[in-house]
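# Architecture at a glance
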Amino acid sequence: MTTTTAHPTATATAARAVDLSKVYGDGETRVVALDAVSVEFRAGEFTAIMGPSGSGKSTLMHCMAGLDTVSSGSARIGDTELSALKDKQLTKLRRDKIGFVFQAFNLLPTLTAAENITLPMDIAGRKADKQWLDRVVDTVGLSERLSHRPSQLSGGQQQRVAVARALASRPEIIFADEPTGNLDSRSGAEILGFLRNSVKELGQTVVMVTHDPVAASYADRVVFLADGRIVDELHGPTADTVLERMKRFDAKGRTS
Amino acid sequence: MFRTALRNVLAHKARLMMTVLAVMLGVSFVSGTLVFTDTIGSALRKASARSYSDVAVAVTYGDVDHPLPQRLVDEIGRLPGAESTTATVSGFTAIADKEGRLVGDGWSTRGGNYTGTGRYPMLEGRAPHGSSEVALDSRTAERTGYTVGDTLRMSIDGPVMRQKVTGVFSTDDGNVAAGGSLVLFETATAQKLFGKPGSYEEIDVKAAPGTAQATLKAGIEKLLPRYAKDASATTGQNLADEEARRIASDLSSFNTALLSFAGIALFVGIFIIANTFTMLVAQRTKELALLRAVGASRRQVTRSVLVEALVVGVVAGATGFLLGIGIAAVMRAVLASAGALLPDGALAVQPGTAGAALAVGVGVTVLAAWLPARRAAKIPPVAAMSSVHAPATVKGLLLRNTLGALLSAAGAVLVVAGSGMKDNGNMVLGGGAGLLLIGVFVLTPLLSRPVVAAAAPLLRPFGVTGNLARQNSVRNPRRTAATASALMIGLTLITALTVVAISVKTTVDELAAAHLKADYQITMATGQNLSPEVAEKVAGADGVSDSSAVRDAHTELDGEDEWVTGVDAPQIGRLLALDFSHGSLAAVHGESMVVDSDTAERRGWHAGQSLPVRYDDGTKGRLTIGGVFEGGDLINGVIMDNATVTPHTPKAGDMRILVKTAGGASEAHQDSLVKALGENPVIKIQDKAAISRELSSTIDLMLNILYGLLAMAVLVAVLGVINTLAMSVFERKHEIGMLRAIGLDRAAVKRMIRLESLVISFFGAVLGLGLGVFLAWAVGGLIRPDLPSYAMVLPWDRIGVFLAIAALVGVLAALWPARRAARLNVLEAIKAE
């Protein structure tokens, strides 16, 4: 399957951080969550951000996705500098250019699966592209369950709805925050498969935060974060190579 | 456990806020009412105690024809136990202000005889002498701006008098203390004006030191039969006691009326309290389960929730009590500025009021928290381990719906049955209405889905936010129901009252318009009878083509007392248009009369019947029923010819005069009538528009007072909506966070909450309007026997206003919750567990 023309070529940058810092608190309670992080997320690539708890991986994602403000440095989605945007513009940016998959609270319980999937477009007041929507729904295997409400779906199915929602509006980039954290391993594998397929077959760009080496092994590239800094990077990872690197940081962390 | 409860209250301050406010408002209304009536009561009692402090025995006449003569006064004065006597005569005295308008309401403007500086200390000028001088009480002087030397226009039974003000006095007269006016004449003048020369209505006797009131009374009673038939003597103590009793009973009905509205507000508050505690318990499921797991008994859990309610109740009761004192002060100021005549004096705050405030606050709160507390105790300890968020229960709704349907049906049946009953219909209807309200309240969760679904087309233009708002509003049907019910109760009462009042007004208005062919109606502003010369003056006024005195005369007709209405037979056909089932107005002449159908039915009369009559002067005769008509507010009973009844009735009084002018009502005609009657302030000349205005103003005033009182219930309902929305926002933090993340901007979040608020408010309003109209329709059945042509009128304009108010309630209530929702930190909302 060829990539859609609407998407940039594989070499373009979908999002980029330059010297990005995030500091919480002041004086004695000062915590540096991100310490001058520079990283690039290439379009059409599936990147995993890994790191132990408190490494700043979620903060990095939040800053890149326009959910959190940065203390210094720059965060860009495509050509848009996020730190220059006001809340209203940020909201619009998230709506039009970014897709989200969270660990939990992904769906509105009052809406059907179909309504949840088209929610970002409904908010924008846009009509969904019917053909594209059908394709997305087929890809995640939800055609039979579109009229169900979240409470009638399993955890894995709910997360598939969330993935479909993220894909439906063809965002420039999808951020996934521990998307398999609440799922059993089979459902988790399914979700990760969809995310990978969306990159491979639909040309989507995906950035996923995870602490699970198996999940990270689905990505094209893994970025390792520790103490708010990027400490390593791995291309074409497997669960074993990722685990290997992780152990190294843990060991370092303990000896240092 | 007490400490846990206290900690919980402190931890949930913000969320308990609306509950406290709701209870506080109700309590403040209760204590405000109590303080207000205590204040008025104590001021009135003080005034009456002062006015009786110098009266040991009061002698009053028993028969108008046998007033108290001067000789009796002299005789009493010579009794050994009597120190002094004050003999008085008094009566209604209308005075005009400088613009010629009547001062006061027509009832509390009095006149009397000047009895010396003891009772009436002169502040300025001197006592009145002769027939053309008066003294005026200082409060009225201040109010009207009259001073010594001014000429006062006044009237006692019709003719205008011009009196010179020679003095301004102060007085502790109860009527003046209550805001009335008092003018004093020289005794001889007053006797001529109010009674018979040389006689009095009342003699107040002051006892000599050492003389008991009872002894003096016994002495006086021996004198009475010789001088005045049927006169009686009462001790000052008795008078003061009786006055105190009268004040107490007057105030108690006032008290009851106000307190019942406070009760409605508190009742509405119960929904909010129950809602809040239900939510608090649901949110704390894990916490409470943990308590159970570590060994707390069910009872302890129940108690901990009830203690929280107790704390809330105490806080609300105490603050409500303080607010109530303020409300009492405001109430007095508002009533005074609205023209009510209230005594001065400090606010009377009694310990009992504080006790009542606390008891009501605590009682209502604990009562409302009872069910949630029991539900809390049922949480199994294992809930502490499970990670499942407390799911909304669906069980119990079947039972609830069945119960609600039964209650509503029973209520509706009673309402309809009561509506058709002749006696005790109002009791049955009232009971049915209560049952129906409760039934509908029980049913509201069921009703919420179809009603809110029906609102979908209205929400569609708002796109996804409208859709979300609609879905959210029916997510917790019980909570939405309780919130909407709070508003429903207030609106049901408001709508029912409005529809009934407007219907009555319209019907009476139409009746007056249909039955009255006259252009003007002339009456006394005081409701007394017009003096006979008024009718003559009117008949002779420029432009008057027809006029008739409508006279009240007592007769004995067919063996029973009957007040008949005398009219001038030749003219009446051109002044009135009545609906006759037999005959016509032409049948009123000579020995022929007409009666209304109600009287005919009551007395068993029929057209053509001849009845024996005995007039007041003893003359006997026979009258024939020449026609039967449909009675109304304007005229009813027996109508006969003035020419027949007046000569035999010395005490016949003119209730009103109907006037027709050449070419219809006009300003010129009205001016000529006013001039012909000497620009008299007490005589009211009204054209049809003014009659209908007067009627409207009475009904409007009553409605406005009721609106004001019911506004409290609506205000409490607003707090309920705020409460529910705040809870929803809190519970849906994650969802709102997610929505914000995927692109819903702040304005849209606000709009979503606002729309949800509007949906809930309109739901309550629609139920309230529906029930209100239904109850009003039922009440119509009770009114029809008294007002046969009563027809229900739906005041669409007002119903529109009520809907607008519901919308306003929705928007206002959403202000704070919507702001909170929009300000939610997206990250925290999605991160939080």
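Remember, predicted model here, so these are calculated numbers, not experimental data. (Residues numbered from 1 in each chain as written. Chains lettered and ligands numbered in written order. Predicted model: local features only at pLDDT ≥ 70, side-chain atom pairs only at ≥ 80, totals over all residues. Heavy atoms only, no water.)

## Points about the overall build of chain B
The number of helices and strands found in chain B is 26 helices and 24 strands. Its C-alpha atoms give chain B principal-axis dimensions of about 100 × 75 × 50 Å. In chain B, which comprises 833 residues, the proportion classed as buried is 51%. Long-range contacts, defined as pairs at least 24 residues apart, comprise 82% of the intrachain contacts of chain B with a sequence gap of at least 6. (Helix = DSSP H or I, 4+ residues; strand = E, 2+ residues; numbered from the N terminus. Buried < 20%, exposed > 50% of the residue type's maximum accessible area, 1.4 Å probe, protein only. Contact = heavy atoms within 4.5 Å.)

## Some details on the sheet that holds strand 1 (residues 13-24) of chain A
All names here are of chain A. The strand order across the open sheet formed by four strands is 2-1-4-5, and the pairing between neighbours is antiparallel. Two strands lie at the open edges of the sheet, namely strand 2 (31-42) and strand 5 (80-81), each paired on one side alone. Relative to strand 5, strand 4 (residues 72-77) is paired through two bridges, and the arrangement is antiparallel. By the bridge assignment, Ile-77 is partnered in strand 5 with Thr-80. Seen against the sheet, helix 1 (residues 57-64) touches strand 1, strand 2 and strand 4 and runs at an angle of roughly 120° to strand 1. (Pairing = 2+ DSSP bridges. Axes fitted to C-alpha atoms, helices over the stretch in contact; angles between N-to-C directions.)

## A closer look at the sheet that holds strand 10 (residues 229-235) of chain A
Residue and element names in this part refer to chain A. Here six strands make up an open sheet; going across it, the order is 6-7-8-3-9-10 and the pairing mixed. This sheet does not close on itself; its edge strands, each paired only once, are strand 6 (98-101) and strand 10. Going from strand to strand, the sheet's axes swing by 20° on average, the running direction of each strand aside. Across four bridges, strand 7 (residues 173-177) lies against strand 8 (residues 206-209) in parallel orientation.

## Remarks on a negative patch on the surface
All names here are of chain B. A grouping of Asp-579, Asp-598, Glu-601, Glu-630 and Asp-786 is seen on the molecular surface, where their side chains present a negatively charged patch. Along the chain, the position of Asp-579 falls in the loop between helix 18 (569-572) and strand 18 (580-582). Classification of Asp-579 by relative accessible area gives partly exposed; the value is 47%. (Patch = residues over 30% accessible without salt bridge, like charges linked within 9 Å, V, L, I, M, F, W, Y side chains within 5 Å. Areas by Shrake-Rupley, 256 points an atom, 1.4 Å probe, with all protein chains shown as cover. Salt bridge = Lys/Arg side-chain N within 4 Å of Asp/Glu carboxyl O. Lys, Arg positive; Asp, Glu negative; His and termini not counted. Charge placed at Lys NZ, Arg CZ, Asp CG, Glu CD.)

## Let's talk about the interface of chain B and chain A
Across the contact, 23 residues belong to chain B and 24 residues belong to chain A. Taking both partners together, chain B and chain A bury about 2100 Å²; carbon and sulfur atoms supply 69% of that area. Broken down residue by residue, the surface that chain B buries against chain A is led by Met-738, Ile-742 and Leu-827 of chain B, which jointly contribute 28%. Linking chain B with chain A are two salt bridges, by the criterion used here. Residue Arg-746 of chain B is joined to Asp-87 of chain A by a salt bridge in which the shortest nitrogen-to-oxygen separation is 3.5 Å. Our count for the chain B to chain A interface comes out at five residue pairs in polar contact (both at pLDDT 80 or more). Those elements that provide at least two residues to the side of chain B that touches chain A are helix 15 (463-473), helix 23 (733-741) and helix 26 (826-831) of chain B. (Buried area = accessible area lost by both parts, 1.4 Å probe. Polar contact = N/O pair within 3.5 Å; in protein donor to acceptor, adjacent residues only side chain to side chain.)

## Some thoughts on the packing of aromatic side chains
All names here are of chain B. Tallied over the full model, the rule gives ten aromatic pairs over all chains. Residues Phe-36 and Phe-254 carry aromatic rings whose centres are separated by 5.8 Å and whose planes lie at 50° to one another, so their mutual orientation is tilted. Of this pair, Phe-36 sits in helix 2 (residues 13-52) while Phe-254 is found in helix 8 (residues 236-283), placing the two residues 218 residues apart along the sequence. Residue Phe-36 is classed as buried on the basis of its relative accessible area, which comes to 2%. Seen from their ring centres, Tyr-120 and Phe-169 are 5.3 Å apart, and the 70° between their planes marks the pair as edge-to-face. Placement of the pair is Tyr-120 in the loop between strand 6 (109-113) and strand 7 (122-125) and Phe-169 in strand 10 (residues 160-169), with a sequence separation of 49 residues. Residue Tyr-120 shares its accessibility class with Phe-169, and that shared class is buried. In textbook terms, an aromatic cluster arises when at least three aromatic residues are bridged by ring pairs, as seen for Tyr-114, Tyr-120 and Phe-169. (Phe/Tyr/Trp six-rings, centres within 6.5 Å; stacked < 30°, edge-to-face > 60°.)

All we've got here are geometric facts, nothing functional implied.
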